[in-house]
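Single-letter residue listing:
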Amino acid sequence: MLNHPLAPTPKYLLLCLLLLSCGQEKAACSPGDGREIWQQPEPDSIIKDQSFLHDTFPSGFLWGSGTSALQTEGAWDQEGKGPSIWDHFTHSNISAKLAPETANVASDSYTQWDKDVEALEYLGVRSYYFSLSWPRLFPDGNAKSRPNAAAVEHYSRLIERLLEKRIEPIVTLYHWDLPQVLQEHYGGWKNDSIVELFEEYAAFCFYTFGSGVRYWLTLHNPYLVAVQGYGTGAHAPGEKGGPASFLIVAHNLIRAHAKAWHTYNTHFRPTQKGKVSLVLGSHWVEPQRGQATVTNVELCQQSMEAALGWFANPIFGDGDYPVSLKMKYGALLPTFSPEEKLWVKTTADFFALSFGPNNLRLDRGLVQYGQAVTPNLRRILGWIKLAYGDPKVLVTEGSWFSEASVGKEDTVALYLMKRFINQVLQAIRFDGVQVFGYSAWSLVDGFEWNYGYTVRRGLFHINFSEPNRTRTPKTSAQYYRRVVSDNGFPSDETLKRITGRFPCDFHWGIADSTLQVQFYPFSPQFTDHGLYSWNVTGDGLLHQVPGVKTQTRRAQCTDYLAIRGHLRLFESTGASHYRFALNWSLILPQGDLSNVNIEALRYYHCVLYELKRLNLQAVVILYHPTHRSTHLGLPGPLQASGGWLNYSTVEAFQEYAALCYQQLGSWVPYWITVNEPNRLIDIYSSWTEKHQAAHNLLLAHAKAWRLYEREHSAHQGALVSLALHADWAEPANPFVDSHTAAAQRFLLFELGRFLDPLLGTRYKETHSNVDYPEEMKAYLEERAGVMGLSGSPLPTFTDTEMKELRGTLSFIALNHFTTRLVAPYLHTQDNFQQKQHPDHGCLILSDPTWPSSSLGQALVPWGLRKVLNWVNRRYGGALPIIVTASGVDDPAAVEDRLRQHFLKSYLQEALKARQLDGVNLQGFYVWELQDRHAPRFGLFTSTHHQSKAKASVAFYREIITHGGFPDDRTTQTCRSSELHARCSVCAWMFRHKAMLVFAGSIIITLVMLAALVIFVIITKRNQTRGRGRRVNRWRRRDGVAVCLCPPVKC
C-alpha cells in the first residue's frame, strides 16, 4: 500500500506557505478568538424566534442518520472478522463500571443491513453516516495483508444500495474498534507505529470504496479514545495511564488523521473529488452564574480548549496545541516541530462535530473549569465559527439518550432532538454558521459502550431479547421524519399577528390576591388622646400637656392615605377593573357571626368607595386560599374542625358570603366566590380527601350563588362566579394516542370537575342532571378496580344538590398562566397510591424550546387561545368568559421586557380567540399590581422600593388606549367614553364633593343673608310708609272739616 513519510516534503512546505497567505482573501483561512462568544450577550429568548425559530434549512441541506460498526453490526466473530479492543474489553469484563453485556450480536446490522437502508428510506434522509470495521476488513490489523473478502463485499453492497436510493454515504474509518492484535503487539495508540498502519488502512479504504464515497471521516471523537480509553480506563482498552498516556495517544491520533488526509489529497482527490475530515466531540460551557467576567470568560475558553481545542487547534487553527494545554501539562504534552505544524494544519475539508451525552458527561476535573456545562448546540457552532475562521460544518452526531424502559415512546428524546435541530437552524440563520448537514444519532438502538443496553439512542427501537432484532420506528423517528420532510420548521399560520380591537365594554383589569387591611389611618390624631402645645420653650417642637386627655374622632375613608396611594397606582395603568380578595379569617375570626370585625369591613368599604369615586369597577373574591396564608385563608376554628373536608365549612361560607353581600354588595358589580379551588385541593394527600374537598367547595359556591340570586340580585345586580386555574394541556407526544387521552383527562380533572356540575355541557340535554364528567368518573372507577379498591373515591351529588348546582355561574372566570405537556403516568402496583401520584394519572413535562421565566414558567401564548376554545366548545358560548388572572414573573427592576412580551403575545391570542374563533371573551386581568415578595409578578415594584412603575405599565396602558391592536394605532373611541366625556363635569363634581358641599354651604348662607337683608329693608320701608299715612289722617282730623255731602245747587 501507499507509504508516506512523516516528514513533509519541500513541495508541500511551499504549498502550506501559499495557504497561509490566503488569509487576506478568504475568512476561512483566518482563525479568530472564540472568547468573543461569551463577551457577547446571550440571545434573548423573548425576541422573536430566538427561543424557537420557525424557518427552513437551506436548499440541499444534508439530512442524515448514523451508526457505528461496533455498536450495531454484531457478528463479532463471523465471516473472518477478528476481535476488536471492545470485544476483548467486554468479554474480559475488566471494568467494574462496565455493563455486563457485549456487542456480540448487537443490532445485527451486519446481516440486516438492508433493513437499515429501509429505515433510512422511512426517514427520508439524504445521507447515512456509518463506520467501517477495521478488524472485520483486516483481522490482523495490517492493510498490507489480504483483506477479508466477505467484509469488502458487505461494505461495497451497502454503499451500492445507498447510492441506488440516492442516499449519500458518509464513511468513518475508525470508530473506536481497533483490532485487538494491534493493542497486544504495539500497545495500541500509544505506539506511533499505529500511525503508519492506520495510513495504510485508510489508503486501502479510499482505493476500494472511494468511487462511491464523497465524504470521509478518519476518526470519531479522538478525545474519548485518548482520555477514556487510555487515561481513565472507562472505555476500551481500559488503561488508566493518566495524562502521561492519553497525551501521547492524542498526539498519535492527530498525526494518523493528518497522514490519512494527505494520502487522500495526493492520490485520490483528483479522481474521486471527495472531502476528508475527522469528527471532534465536545461539550459546551457558559460562565458560572451567567457572570461573563474576564476570569470566567478565560476559564470557559480553557474549558473548550481542553476538549475540542485540543484536536481542533492543530488542524483548524495554527497547527499547534492551545497555550492553555501547554501551561497545564508542561513537558508531558508532546510537541509539533515547525514543519509538523504546517503539515498538520488545514488537514480537514470541513468541520465535523459530535454533540451528545458522551461529550457532555466528560470528566469535570478535565474540562469544566468551574463553569456551567449546558447543551447549547447553537453556541458551540458560533464558537467554532469565531475560533476557526468560519469553516463549513457537518453535525455528525446530535442527539440524547433514553432509558431502555422508555421503549418506543421516547418523548424526552423527541424534544431534545427538536431543540438541537432548531439550535442548528438558528446558528445558520442568525449567526451565519455554514452548517451543511445534520445526522441524528443513531439510526437504530445499539450497544452503548460502557452503558451496554441500559440506555438507548436509536430512532428505531430494537428488542434485544428477540433474535430477529426487528426495527420499529420510535416517536422520535416519526418526528425526525416530519422535520426532514418539511426541511425544518415552516412558519405556523396560527402564530401570525392580527390586528383588531376589543369591544368597548371589555374588562381591562389587574388582579391581586388578598388586600392587606391597614386598620389605622396615617395620622395619629385618630389614636392619640394627648393634648399638645407647640414651641413652648422656643424649640419648635410639640410638648404634651400632662394630665389632659381628649377624645379622638373616628377616621373617615379619606383619612386612609394607603388606599388612595394604592389605587392611584392602579388608576395610572389605565385599567378599568380591579380584582382583589377579602380576608375571610380577618372579617370572621371565629368563622361565624359571633365576632364580626367591623373595622375590616369598613376598610373594604372605603376601598370600594374610592374605586367608585375613580369610576373604576371592582371584582371581589370572597375566599382566596394561598399557601402563604395561615390555615389556607380559613378562619382558625373552621380549619381546626376539618376545613373543607367538613360540611360545616360549607354552611359557614354561606353565612360569610351573606354578610359580605349585605355590607359591601351595593359597591360590587362582580363577585367571585372561591379563587382556584382546583389548586386548593392539591394540598390534600389522599384521593378521598381531595375529591371530598372539591365536592364541598362546589356546594359552598352554589349556596353562595343561590343566596345572592335570592336576596340581592334584584337590587344590586352583580354577577357571581368562581375562578379556576386554567393552564392548557398539550399532549407531550403527538404521535401517541395515550398522550392525547391524558391531555384531555387532565383538562377534565382541572376544569371539567368544577364546570360540568355547574353548567353541564353543550352535549347534554338541558333537562338532564349535572354531575362530574363521565370520562372522569369512568377513569376513577377503572383505576379503583385495578387497585382492588372497594369503589371510586369520587363523592356523589344528591338530587337536591344537583338542582342547587345547575346554572350557578354568571360568567366563566379562568386564571391562565402557561401550557403544560401532559403524558400518561405509568401505573404500577407499587406507585399507584404514592403521595406524588396525581389523581388524573398524568405526568407533567415541559418543552425545552419554549421560552421560560426565571421561575420556570413557560411562555406559550397559543395555549391561552386553545384553552378558551376548549371551554367555549364544551360549555357553549352563552356565558361570557373572563381571564381573571394572567402574568409572568420578571426579575427586572424596571425594564421588564419579558412581561411586555407576555402581555403583547397573550393579548394577541386573546384577540384571535374572540375575533377569529368567536369566543365570548369579555376581559383580561394582568397578575398583579405590585411586587410583594419573590417571584416578581408586579407591574410596580414593592412598597420597599417606593412602588416605582415598571416599563410594562406604559406598555399595558398603550394597549388599553388603543383597545387592542388596531391597524392605524389610533385611540379607541367608544360611546361609553363619549358619555363619560359629556359628564366630565359630573365626574369633577364627584371628585370634589367635599369642596362643593362647603362652597354650597357658603353660597346658601350668603343667599340667606341677602334675603334677610332684603327682608329687613323692605320691612323698614313698609314701616316708614305706614307711619306717614297715620300722620296725614290725624292732620285731617284736627284741621277744617271736610264736607262729604254733595254740593247743593242754589
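The rules behind the values
- Residues numbered from 1 in each chain as written.
- Predicted model: local features only at pLDDT ≥ 70, side-chain atom pairs only at ≥ 80, totals over all residues.
- Heavy atoms only, no water.
- Helix = DSSP H or I, 4+ residues; strand = E, 2+ residues; numbered from the N terminus.
- Buried < 20%, exposed > 50% of the residue type's maximum accessible area, 1.4 Å probe, protein only.
- Areas by Shrake-Rupley, 256 points an atom, 1.4 Å probe, with all protein chains shown as cover.
- Pairing = 2+ DSSP bridges.
- Axes fitted to C-alpha atoms, helices over the stretch in contact; angles between N-to-C directions.
- Parallel < 35°, antiparallel > 145°, perpendicular 65-115°, else oblique.
- Left-handed = near helix turned anticlockwise from the far one by under 90°.
- Contact = heavy atoms within 4.5 Å.
- Phe/Tyr/Trp six-rings, centres within 6.5 Å; stacked < 30°, edge-to-face > 60°.
- Lys NZ or Arg CZ within 6 Å of the ring centre and 35° of its normal.
- Right-handed = clockwise from strand over helix to strand, strands pointing away.
- pLDDT = per-residue confidence, 0-100.

A.B. asks: Please set out the overall build of the protein residue by residue, giving values where relevant.
C.D. replies: Helix and strand counts for the protein come out as 37 helices and 31 strands. Looking at the 1050 residues of the protein, the share that counts as buried comes to 55%. For the protein, the exposed area adds up to about 45,800 Å²; of that, 54% sits on carbon and sulfur atoms.

A.B. asks: Break down the pairing of strand β25 (residues 728-731) for me, citing the residues and quoting the values.
C.D. replies: Judged by which residues are buried, β25 turns out to be covered on both faces: Trp728 and Glu730 on one side and Ala729 and Pro731 on the other are all buried. With four bridges connecting them, β25 and strand β27 (residues 819-824) associate as parallel partners. For Pro731, the partnering residue across the bridge sits in β27 and is Val822.

A.B. asks: So, the packing of helix α10 (residues 222-231) against helix α13 (residues 294-316): which residues are in play, and what are the values?
C.D. replies: It is the contact of α10 with α13, at a shortest axis distance of 9 Å, that shows an interaxial angle of 120 degrees. Taken together, α10 and α13 sit at an angle that is classed as oblique. Note on packing geometry: the crossing formed by α10 with α13 is right-handed. Every residue of α13 that contacts α10 at Pro222, Tyr223 and Val227 is listed here: Ala306, Ala307, Trp310 and Phe311.

A.B. asks: With reference to specific residues and values, describe the environment of Thr973.
C.D. replies: In this fold, Thr973 is placed in the loop between β31 (964-965) and α35 (975-982). Given a relative accessible area of 64%, Thr973 falls into the exposed group. Residues Thr973 and His962 lie eleven residues apart in sequence; the distance between their C-alpha atoms is 8.7 Å.

A.B. asks: Please give an account of the packing of aromatic side chains that cites residues and values.
C.D. replies: Across all of its chains, the model carries 66 aromatic pairs by this definition. Geometrically, the ring pair formed by Phe506 and Trp508 is edge-to-face, given 4.9 Å between the ring centres and 65 degrees between the ring planes. Members of the aromatic cluster, joined through ring pairs, are Trp86, Phe89, Trp176, Phe447, Trp449, Tyr453 and Phe464. For Lys418, the ring lying beneath its charged end belongs to Phe52, and the centroid distance is 4.9 Å. Arg745 extends its terminal NZ or CZ atom over the ring of Tyr779, reaching a point 4.3 Å from the ring centre.

A.B. asks: So, the pairing of strand β29 (residues 881-886): which residues are in play, and what are the values?
C.D. replies: For β29, the tally of buried residues reaches six of six residues, placing the bulk of the element in the interior. In the sheet, strand β26 (residues 812-815) pairs with β29 via four bridges, with the strands oriented parallel. Within β29, the position partnered with Ala813 by the bridge is Ile882. Direction of pairing for β29 relative to strand β30 (residues 921-927): parallel, over a ladder of four bridges. The partner of Ile881 across the bridge, within β30, is Leu921. Each parallel crossover has a hand, and the one from β29 via helix α33 (residues 897-915) to β30 is right-handed.

A.B. asks: Pulling in residues and values, what's your account of the sheet that holds strand β2 (residues 62-66)?
C.D. replies: The eight strands lie next to each other as β2-β3-β4-β5-β6-β8-β10-β12, forming a closed barrel whose pairing is parallel. Along the sheet, successive strands turn relative to each other by an average axial angle of 25 degrees, direction set aside. Pairing analysis gives four bridges linking strand β5 (residues 215-220) to strand β6 (residues 275-281), with the strands arranged parallel. Bridge assignment links Trp216 to a residue of β6, and that residue is Val276. Running over the sheet, helix α19 (residues 411-429) touches β2, β8 (351-355), β10 (392-398) and β12 (434-441) and is turned about 175 degrees from β12.

A.B. asks: So what's going on with the confidence of the model for the protein? Which residues, and what values?
C.D. replies: Mean pLDDT for the protein: 89, with 88% of residues reaching 70 or above. Every residue in residues 975-982 scores below 50 in pLDDT, and together they form two contacts with partners more than four places removed in sequence or on other chains. This stretch, residues 1030-1050, has a pLDDT under 50; its non-local contacts, to residues over four places away or in other chains, come to zero contacts.

A.B. asks: Kindly report on the sheet that holds strand β21 (residues 577-581), identifying the contributing residues and their values.
C.D. replies: Strand order in the closed barrel formed by eight strands is β18-β21-β22-β23-β24-β26-β29-β30, and the pairing between neighbours is parallel. Direction aside, the axes of adjacent strands within the sheet are offset by 25 degrees on average. Sheet topology places strand β18 (residues 507-514) next to β21; four bridges connect them, and they run parallel. Bridge pairing in β21 links Gly509 to His577. Where helix α34 (residues 951-962) meets the sheet, it contacts β18 and β30, and its direction lies at approximately 140 degrees from that of β18.

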